[in-house]
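Geometric and topological summary
Listed below are the residues making up each chain.
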Amino acid sequence: MVSQASPKKTVPLRYAAKTDVGRVRNHNEDSFGLLPEDRVFVVADGMGGHESGEVASRLAVDTLSEFYARSRDDDATWPYRALRGISADANRLVCAIRLANQRIYARSGADAGQRRMGTTIVAIAAVGDRAILGHAGDSRAYRIRDGRLEQLTRDHSFLEDMKRAYPGMSDEEQRAFPHKNVITRALGMREDVEVEIQEQLLLPGDRLLLCSDGLCGLVDDAGLLEAGQMPDLQRACDDLVGRANAAGGTDNVTVILVEVSR
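Throughout what follows, the structure given in this document is the object of discussion. Since the model is a prediction, treat every value here as computed from it, not as a measurement.

A look at the overall build of the chain
Looking only at helices and strands, the chain has seven helices and eleven strands in total. Over its C-alpha atoms the chain spans a radius of gyration of 18 Å, differing by no more than 12% from the 18 Å that the globule rule assigns to 262 residues. Referenced to the eigenvectors of the C-alpha coordinate spread, the extents of the chain come out at roughly 50 × 50 × 35 Å. Restricting to contacts in the chain with at least 6 residues of sequence separation, those with at least 24 account for 67%. In the structure as shown, the chain presents an accessible area of about 12,700 Å², 46% of it carried by carbon and sulfur atoms.

Right, here's the structure in full:
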């Protein structure tokens, strides 16, 4: 899916997205959202089994869409107080994600069949010439700029915690780490969630890549960069998904590419 974002904003954007079940799973628990009116882009990777992960990821995307639409009204009431030290636009994204967490947590507590469901999330809100980035879990955001790939997010995972505690871990030790898939933060795990937030300047030609770990867990940085630089955004998304499936397709895979037009 490719579309042109609203021309009312300062920095013009193009974007594309693709999701795929992969080659092993029998259903897709990933969800993505493209909200051009608010210039918000989101990837959610559901967890929980029995299709409850799909419910959680879709609820996360739908909650962000609903909150952003409602909060366009300056008189709208927000469910959480603003956090100090971050902008109003960053607070808007944090509030939307926290509300999604609350709804997923409540749903999982009320329905025995959806108990323990949850979802990771990574979202970008483009405001003026800046990208506000919020995430929880191991879905990632990357930036491609001047032919280089940079990972912008840090996974909320047991492996990442170990890497920070033991910075000398080799690549082989990381691959062999027995708990590398354990997530330490996600929506629905607790009654509230801490959203990691940052702001990045957008420059002409930048591409922002949002993805579930079904992509970055199977395709290395060189592959992400090569496919992510393809001129056609939709073909780039298709190629990224194809690379994940060619590498085994062991998980659902979802990707969004957002480009700052030159």
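Digging into the packing of aromatic side chains
Going through the model one piece at a time under the given rule, you end up with three aromatic pairs. For the pair F67 and Y68, a centre-to-centre distance of 6.4 Å together with 90° between the ring planes defines the contact as edge-to-face. Centre to centre, the rings of F67 and W78 are 5.7 Å apart; their planes meet at 70°, and the pair counts as edge-to-face. With F67 in helix α1 (residues 52-70) and W78 in the loop between α1 and α2 (88-110), this pair connects stretches of sequence that are eleven residues apart. What makes F67 buried here is its relative accessible area of 1%.

So, the nonpolar core
With 30 residues, the main nonpolar core has L64, I121 and L187 as its most contacted residues. Among the secondary structure elements, those contributing two or more residues to this core are β4 (40-47), α1, α2, β5 (118-127) and β6 (130-136). Tallying contributions element by element places α2 first for this core, with nine residues. Listed in part, the 20 residues of the second largest apolar core include L13, A126, A131 and L208.

Focus on the environment of Q114
Looking at where Q114 falls in the secondary structure, it is placed in the loop between α2 and β5. Assessed through its relative accessible area of 14%, Q114 is described here as buried. For the pair Q114 and S52, spaced 62 residues apart in sequence, the C-alpha separation works out to 5.3 Å. Residue contacts for Q114: discarding those within four places in its chain leaves S52, V55, R107 and S108.

Regarding the environment of A69
Of note, A69 is situated in helix α1. With relative accessibility at 34%, the residue A69 sits in the partly exposed group.

Notes on the packing of α1 against α2
Orientation of α1 relative to α2, taken along the N-to-C sense of each, is 140°, at an axis distance of 9 Å. For the element pair α1 / α2, the angle class is oblique. Both α1 and α2 take part in a crossing whose hand is right-handed. For the pair α1 and α2, the contacting residues are V55, A56, L59, A60, T63, L64, E66, F67, Y68 and R70 in the first and D89, R92, L93, C95, A96, I97, L99, A100, R103, I104 and R107 in the second. Residues of the contact of α1 with α2, tallied by class, amount to 14 nonpolar, one polar and six charged.

So, the packing of helix α6 (residues 221-228) against helix α7 (residues 233-246)
Following both chains from N to C, one finds α6 and α7 inclined at 155°, their axes separated by 8 Å at the closest point. Relative to α7, α6 is oriented roughly antiparallel. Seen from above, α6 lies across α7 with right-handed handedness. Counting all contacts with α6, which are made through G223, L224, E226, A227 and G228, the residues of α7 involved are A236, D239, L240 and R243.

Parameters and conventions
- Residues numbered from 1 in each chain as written.
- Predicted model: local features only at pLDDT ≥ 70, side-chain atom pairs only at ≥ 80, totals over all residues.
- Heavy atoms only, no water.
- Helix = DSSP H or I, 4+ residues; strand = E, 2+ residues; numbered from the N terminus.
- Rg over C-alpha atoms; globule rule 2.2 N^0.38 Å.
- Contact = heavy atoms within 4.5 Å.
- Areas by Shrake-Rupley, 256 points an atom, 1.4 Å probe, with all protein chains shown as cover.
- Phe/Tyr/Trp six-rings, centres within 6.5 Å; stacked < 30°, edge-to-face > 60°.
- Buried < 20%, exposed > 50% of the residue type's maximum accessible area, 1.4 Å probe, protein only.
- Core = buried A, V, L, I, M, F, W, Y, C linked by side-chain atoms within 4.5 Å.
- Axes fitted to C-alpha atoms, helices over the stretch in contact; angles between N-to-C directions.
- Parallel < 35°, antiparallel > 145°, perpendicular 65-115°, else oblique.
- Left-handed = near helix turned anticlockwise from the far one by under 90°.
- Nonpolar A, V, L, I, M, F, W, Y, C, P; charged D, E, K, R; others polar.

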